[in-house]
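# Commentary on secondary and tertiary structure
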Amino acid sequence: MTNVLKKMKAITDFRTFIFSPIVIYIFRCVIGFSIGYALMQAIPEFDLFWALLSIMLVISPEGKDAPRLTTERVKANLVGALSGFVVVFLPIPIYFKIVVGIILAAILCKVFNLLSVARTAVVAIIIILIEKGSTDYLASVERFVSVLVGCLIGLMVVVSSGYLIRFLHKKFLKVEYKLKDLK
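Residues numbered from 1 in each chain as written. Predicted model: local features only at pLDDT ≥ 70, side-chain atom pairs only at ≥ 80, totals over all residues. Heavy atoms only, no water.

A separate point is the overall build of the protein chain. Helix and strand counts for the protein chain come out as 7 helices and 0 strands. If you list the helices and strands of the protein chain from N to C, you get α-α-α-α-α-α-α. Against the globule reference of 16 Å for 183 residues, the protein chain gives a C-alpha radius of gyration of 21 Å, more extended than a compact globule. Dimensions along the principal axes, computed over C-alpha positions, put the protein chain at roughly 75 × 40 × 20 Å. Relative to its full complement of 183 residues, the protein chain shows a buried share of 36%. Looking at the protein chain alone, contacts between residues at least 24 apart form 70% of all its contacts between residues at least 6 apart. When the accessible surface of the protein chain is summed, it comes to about 10,900 Å², and 72% of that surface belongs to carbon and sulfur atoms. Within the protein chain, one finds 21 positive and 11 negative side-chain charges whose respective centroids are separated by 13 Å. (Helix = DSSP H or I, 4+ residues; strand = E, 2+ residues; numbered from the N terminus. Rg over C-alpha atoms; globule rule 2.2 N^0.38 Å. Buried < 20%, exposed > 50% of the residue type's maximum accessible area, 1.4 Å probe, protein only. Contact = heavy atoms within 4.5 Å. Areas by Shrake-Rupley, 256 points an atom, 1.4 Å probe, with all protein chains shown as cover. Lys, Arg positive; Asp, Glu negative; His and termini not counted. Charge placed at Lys NZ, Arg CZ, Asp CG, Glu CD.)

In this fold, Ser161 is placed in helix α7 (residues 137–182). A polar side-chain atom of Ser161 sits 2.7 Å from the main-chain carbonyl oxygen of Val157. When near neighbours in sequence (up to four residues on either side) are disregarded, Ser161 contacts Phe27, Arg28 and Met156. (Polar contact = N/O pair within 3.5 Å; in protein donor to acceptor, adjacent residues only side chain to side chain.)

With that settled, the discussion passes to the environment of Glu72. By secondary structure assignment, the location of Glu72 is in helix α4 (residues 66–87). Taking the relative accessible area as the measure of exposure, Glu72 reaches 15% and is therefore buried. Taking the C-alpha atoms as reference, Glu72 lies 15 Å from Leu82; in sequence the two are 10 residues apart. Ignoring anything within four residues of it in the chain, the contact list for Glu72 reads Leu114, Ser116 and Val117.

This part is about the side chain of Lys97. As for its position among the elements, Lys97 is in helix α5 (residues 94–111). Here Lys97 falls in the buried class, since its relative accessible area comes to 11%.

Phi at Asn113 takes a positive value of approximately 55°, unusual for a residue other than glycine. Positionally, Asn113 belongs in the loop between α5 and α6 (118–129).

With 23 residues, the main nonpolar core has Ala81, Cys109, Ile128, Leu129 and Val147 as its most contacted residues. The leading source of residues in this core is α6, at 7 residues. With sequence-adjacent residues up to four places away left out, Val147 is seen in contact with Trp50, Ser54, Asn77, Ala81, Ile127 and Ile128. Among the nonpolar cores identified, the runner-up in size contains 6 residues, and Cys29, Ile55, Ile153 and Val157 belong to it. (Core = buried A, V, L, I, M, F, W, Y, C linked by side-chain atoms within 4.5 Å.)

Moving on, we get to the packing of aromatic side chains. As enumerated under the stated definition, the model contains 6 aromatic pairs in all. Geometrically, the ring pair formed by Phe14 and Phe172 is tilted, given 5.7 Å between the ring centres and 40° between the ring planes. Remark: Phe172 occurs in helix α7 and Phe14 occurs in helix α1 (residues 3–18); sequence separation between them is 158 residues. Ring centres of Phe49 and Trp50 lie 4.8 Å apart, and the angle between their planes is 75°; on these two criteria the pair is classed as edge-to-face. Of the residues examined, Trp50 reaches a relative accessible area of 15% and is grouped as buried. Aromatic ring contacts, followed pair by pair, group Phe14, Phe19 and Phe172 into a single cluster. (Phe/Tyr/Trp six-rings, centres within 6.5 Å; stacked < 30°, edge-to-face > 60°.)

Just geometry here; none of it tells us what the structure is for.
Right under this line is the structure:
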């Protein structure tokens, strides 16, 4: 095997590995986690743990469908957060607020064709409504905003990394084509 063919095979193998769904998912998770963690450290007076959790919930490991699934998870997360926020003011015990929130979220997910990601909506409801020792409505509002921020950050990570991945993939392919021309 010639030296050029060996280089071409090495570049192809490297490209295949680097652009595999697991490496892309890990990259997105590390970026998303880093942004969320940095926000938590930079603004400790806000409970941004929920933003971090939402970032991680919306990032999808599925390769080509990642942007679509991430967008659906963001929508479902917002449906759940909104459902939780709507029922937070009902004068009923927390258990029933969550049940009503789940019912509302399931109906909204069905209406918006999001049933495949409805569990994301349920998680958002629990985030909004359950906080140990907190009966403060402001805490629920803060968690709602935190979930919203996390969803938007997760979506930005997937979309921007998608552009970067496509750009780098094209660059790798150009190198491979140039090497093919050399043989």
